[in-house]
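A look at the structure
Residues per chain, in single letters:
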Amino acid sequence: MAAALPTSGMTALGAIDHMQVPEGGALLVIGATGGVGTFAVQVAAARGIRVIATASAQLAEQVRGLGAVEIVVRGAEPLDQALRSLTPEGVDAILDVVGDHSVTRSVASAVRYGGALFSTAFSLDEQLLADERIRTANYRLDRKPERLAELTRLVTAGTIRPVTGAKLPLEEAPRALAGGIEVTGLRGKTVLQVR
Ligand SMILES: NC(=O)c1ccc[n+]([C@@H]2O[C@H](COP(=O)([O-])OP(=O)(O)OC[C@H]3O[C@@H](n4cnc5c(N)ncnc54)[C@H](OP(=O)(O)O)[C@@H]3O)[C@@H](O)[C@H]2O)c1
């Protein structure tokens, strides 16, 4: 379980720290069912942030269980419209982990003045990065030890948990990487066991 923590967990925590979402503020996580997204939902909820998340219909309840209070089901309605009706005053921050530029672009104007729009999947183009109304970034993990320490504290306290899927022997790594979910057959981080 510990192996599933550092990269995705530190990316989620680092992005949330840099976005400076206030307690009680609203954060949209685009792509809440994967490695970074499941940590982002949990860390933000633990900080008293109102989490809105996108997820497929099958995984909506799982994401709610992680702390998202509103789910926008993928494909059910346009994300920008759903977001505007949930946050008519503007959303405080958006974290994109999917990387669909057209989606990121469609929601950018729903961020309130001074809010933040970050992507770990580098979906922000030059025009979005130049938007002076909001803080924007294609966020890259910075591996600060204090973030790993905070994640460890949160996991030890039972506040957050890594969402893990298949556990495979190390020899299966090439097959798991090449085949993805078709091989692992499960959602969550795939853990490789080194004997
Ligand atoms: N910048 C950095 O330092 C850094 C660090 C770590 C990761 N990353 C990047 O961050 C991104 C996310 O990483 P991850 O580990 O969280 O990936 P992941 O576990 O594969 O999760 C991807 C998420 O995107 C969703 N998704 C995929 N295709 C979609 C689509 N067409 N429409 C809507 N949702 C879609 C998935 O939903 P379903 O489960 O429903 O398919 C899932 O929630 C990747 O691009 C990765 O390379 C960057």
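The structure this text deals with has already been given above.
Residues numbered from 1 in each chain as written. Predicted model: local features only at pLDDT ≥ 70, side-chain atom pairs only at ≥ 80, totals over all residues. Heavy atoms only, no water.

1. Quick look at the environment of T11
Quick reminder of the rule: A run of H or I in DSSP counts as a helix once it spans at least four residues, and a run of E counts as a strand once it spans at least two, with each numbered from the N terminus. With a 1.4 Å probe rolled over the protein chains alone, any residue whose accessible area is under 20% of its type maximum counts as buried; one over 50% counts as exposed, and the rest are partly exposed. Two residues qualify as a contact provided that any one of their heavy atoms is within 4.5 Å of a heavy atom in the partner residue.
Among the structural elements, T11 can be located in helix α1 (residues 6-19). T11 gets classed as buried once you look at its relative accessible area, which sits at 8%. A sequence separation of 132 residues divides T11 from R143, and the C-alpha atoms of the two residues are 8.0 Å apart. Excluding residues that lie within four positions of it along the chain, T11 makes contacts with P6, V36, T120, Y139 and L141.

2. Focus: the nonpolar core
Filter applied, for reference: We call a set of buried Ala, Val, Leu, Ile, Met, Phe, Trp, Tyr and Cys residues a nonpolar core when their side-chain atoms join them within 4.5 Å.
I16, M19, L27, V41, V63, L95 and F118 are the most contacted members of the largest nonpolar core, which has 37 residues in total. When contributions to this core are tallied by element, the ones reaching two or more residues are α1, β1 (26-30), α2 (35-46), β2 (50-55), α3 (60-66), β4 (91-96), β5 (111-119) and α7 (145-156). Residues within four places of M19 in sequence aside, it is in contact with L27, A93, I94, L95, A116, F118 and R135. Grouped together as the second largest cluster of nonpolar side chains are 18 residues, A26, L28, V72 and L128 included.

3. Quick notes on the environment of T54
Selection criterion: Distance and chemistry together define a polar contact, namely a pair of N or O atoms within 3.5 Å, with one atom able to donate a hydrogen and the other to accept it when in protein, and with adjacent residues in sequence counting only for side-chain atoms on both sides.
With respect to the helices and strands, T54 occurs in strand β2. The spatial distance from the C-alpha of T54 to the C-alpha of R140 is 21 Å, given a sequence separation of 86 residues. Residues in contact with T54, not counting those within four places in the same chain, are L28, V29, I30, G31, A32, V72 and L79. A distance of 2.8 Å separates a polar side-chain atom of T54 from the backbone nitrogen of G31.

4. So, the pairing of strand β3 (residues 70-73)
Side-chain positions along a regular strand alternate between the two faces of the sheet. Counted only if it meets this: Criterion used throughout: strands pair if DSSP finds at least two bridges between them. A right-handed crossover is one whose linking path, passing over the helix from the first strand to the second, runs clockwise when the strands point away from the viewer.
When β2 meets β3, the two strands line up parallel, connected through four bridges. Bridging from a neighbouring strand, I52 pairs with E70 of β3. Where the polypeptide runs from β2 across α3 and back to β3, its parallel neighbour, the crossover connection is right-handed.

5. A word on the sheet that holds strand β6 (residues 135-138)
Note the following rule: Only C-alpha atoms enter the line fits that serve as axes; for helices the fit covers just the stretch in contact. Angles between N-to-C directions range over 0 to 180 degrees.
Pairing is parallel in the open sheet, where six strands are placed in the order β3-β2-β1-β4-β5-β6. One side of each edge strand has no neighbouring strand; the edge strands of this open sheet are β3 and β6. For this sheet the average axis-to-axis angle between neighbouring strands, irrespective of direction, equals 15°.

6. Let's talk about unusual backbone geometry
Phi is positive for F122, close to 55°, though the residue is something other than glycine. Structurally, F122 is set in the loop between β5 and α6 (126-129). Positive phi values are uncommon outside glycine, yet R143 reaches one of about 50°. Summarising the element assignment, R143 is placed in the loop between β6 and α7.

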